[in-house]
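Notes for the structure review
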Amino acid sequence: MSAKVTKTDAEWRAQLTPMQYNVTRRKGTERAFSGKYWDCKDKGVYRCVCCGAGLFSSATKFDSGTGWPSYWAPIDEASVRSEDDYTMLMHRTEVTCANCGAHLGHVFDDGPRPTGLRYCINSASLTLDKQD
């Protein structure tokens, strides 16, 4: 993991597109089936759009039918953090980048084996480092 990334709000706004900023820094979400990676089949490593940290592998990506990229595990448990989220009048578990705090999405316990988890992640929070 690289050094922790801390930037001012102005620096994040200058670096990110409006959608990326809204999702990663304001805990927004993109509409289902609208993101760049929801149906992507390319192999590689999905990295944090804010700091470049490796978060998810295409090897753990699966089609959840939700319209967001879904993974059954992060590359490394230490690459993401989770915390309780009680917005929208329900309990969910928010997933953030451990390196820079970017909001990525949420994790649910209805995923496939071997973990039974579904990391439901916004495309706007990711970049894909393609590999052959």
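Just so it is clear, the structure is predicted and the values come from calculations on it, not from any experiment.

Examining the packing of aromatic side chains
One pass over the full model with this rule turns up five aromatic pairs. Here the aromatic rings of F33 and W38 are separated by 4.9 Å at their centres, their planes lie at 85°, and the arrangement is edge-to-face. Among the residues examined, F33 registers a relative accessible area of 46% and is labelled partly exposed. For W38, a relative accessible area of 30% corresponds to the partly exposed category. Judged by centre distance (4.5 Å) and plane angle (20°), the ring pair of F56 and Y71 falls under stacked. Taken together, the residues span a long stretch of sequence, with F56 in strand β2 (residues 54-57) and Y71 in strand β4 (residues 70-71) at a distance of 15 residues. On the basis of relative accessible area, F56 is assigned to the buried category, the value being 0%. Residue class for Y71 comes out buried when judged on its relative accessible area of 0%.

Let's talk about the pattern of salt bridges
Scanning all chains against the criterion turns up seven salt bridges. D9 is paired through a salt bridge with R13; the nearest N and O atoms lie 3.1 Å apart. Placement of both D9 and R13 in helix α1 (residues 9-15) is noted, with a separation of four residues, approximately one turn of the helix. With a shortest N-O distance of 3.3 Å, K130 and D42 are connected by a salt bridge. Taken together, the residues span a long stretch of sequence, with K130 in strand β9 (residues 126-130) and D42 in the loop between α2 (18-26) and β1 (44-48) at a distance of 88 residues. A residue is classified by how much of its surface remains accessible, and K130, at 57% relative accessible area, is exposed.

Conventions and cut-offs
Residues numbered from 1 in each chain as written. Predicted model: local features only at pLDDT ≥ 70, side-chain atom pairs only at ≥ 80, totals over all residues. Heavy atoms only, no water. Phe/Tyr/Trp six-rings, centres within 6.5 Å; stacked < 30°, edge-to-face > 60°. Buried < 20%, exposed > 50% of the residue type's maximum accessible area, 1.4 Å probe, protein only. Helix = DSSP H or I, 4+ residues; strand = E, 2+ residues; numbered from the N terminus. Salt bridge = Lys/Arg side-chain N within 4 Å of Asp/Glu carboxyl O.

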